[in-house]
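Summary of the model geometry
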Amino acid sequence: MKRSGSGKIIARGRLKEFAHKLSRSRRKVVFTNGVFDLLHAGHVDYLEKAARLGDLLIVGLNTDASVKSNKGDKRPIIAYRHRARLLAALECVDFVVPLTEQTPAQLITLIKPDVLVKGADYALHEIVGADFVRKHGGRVVRMKLVPGLSSSEIIKRIKSL
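Everything numeric here is computed off the predicted structure, so don't read it as measured data. (Residues numbered from 1 in each chain as written. Predicted model: local features only at pLDDT ≥ 70, side-chain atom pairs only at ≥ 80, totals over all residues. Heavy atoms only, no water.)

Digging into the sheet that holds strand E3 (residues 95-99)
The five strands are arranged E3-E2-E1-E4-E5 in an open sheet whose pairing can be described as parallel. At either end of the open sheet lies a strand with only one pairing partner, and these are E3 and strand E5 (139-143). With strand direction ignored, the average angle separating the axes of adjacent strands in the sheet is 25 degrees. With five bridges joining them, strand E4 (residues 115-119) and E5 adopt parallel strand pairing. Bridging from a neighbouring strand, Gly 119 pairs with Met 143 of E5. Sheet strands touched by helix H1 (residues 15-25): strand E1 (29-34), strand E2 (56-62) and E3. Its angle to E3, the strand with the most contacts, is close to 135 degrees. Running over the sheet, helix H4 (residues 80-89) touches E2 and E3 and is turned about 165 degrees from E2. (Pairing = 2+ DSSP bridges. Helix = DSSP H or I, 4+ residues; strand = E, 2+ residues; numbered from the N terminus. Axes fitted to C-alpha atoms, helices over the stretch in contact; angles between N-to-C directions. Contact = heavy atoms within 4.5 Å.)

Structural notes on H1
In an α-helix there are 3.6 residues to a turn, and that puts residues three or four apart on one side. Along H1, the residues that are buried comprise Leu 15, Phe 18, Ala 19 and Leu 22. Considered in projection along H1, the buried side chains sweep an arc of 95 degrees and stay on one side of the axis. Facing away from the buried surface of H1 by more than 90 degrees, the exposed residues are Lys 16 and Arg 24. Among the structural elements, E1, E2, E3 and helix H5 (105-111) are those in contact with the buried residues of H1. Once H1 ends, the next one or two residues include Arg 26, with phi positive near 60 degrees. (Buried < 20%, exposed > 50% of the residue type's maximum accessible area, 1.4 Å probe, protein only. Arc of directions from axis to C-beta.)

Dropping the structure here:
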């Protein structure tokens, strides 16, 4: 039986307990992270493909404060709790965890995924956590993105209206 959307969202205070249960589960864990502001078909395509790489897909979702730190005061457009709810509603996403830092390094170290997925727009040496995952026997996948579908592109189109 699938968990409901809100049951997929892991609170910050439960991350260590969650990671401990994961380590005992013997399931192939896939991890990715991002802002996922203005959820669109490109995101869904990326997440569905990532989910097929293992048994569980965990999405590290940037909190509002980390988005502002990385992208500026005008972002995110959609608040964390709403972005988390949208991601959790997707069948391909098993869990959503908060990413409070500027990079996912701490989450990756805690979760120890078997597969780390980032968009192909990142060079391998730019992917935070890649060395850790490979050192622990995992692999890093650079996922091809749907051309022309990104939150930044959508925002540009909206602004031009």
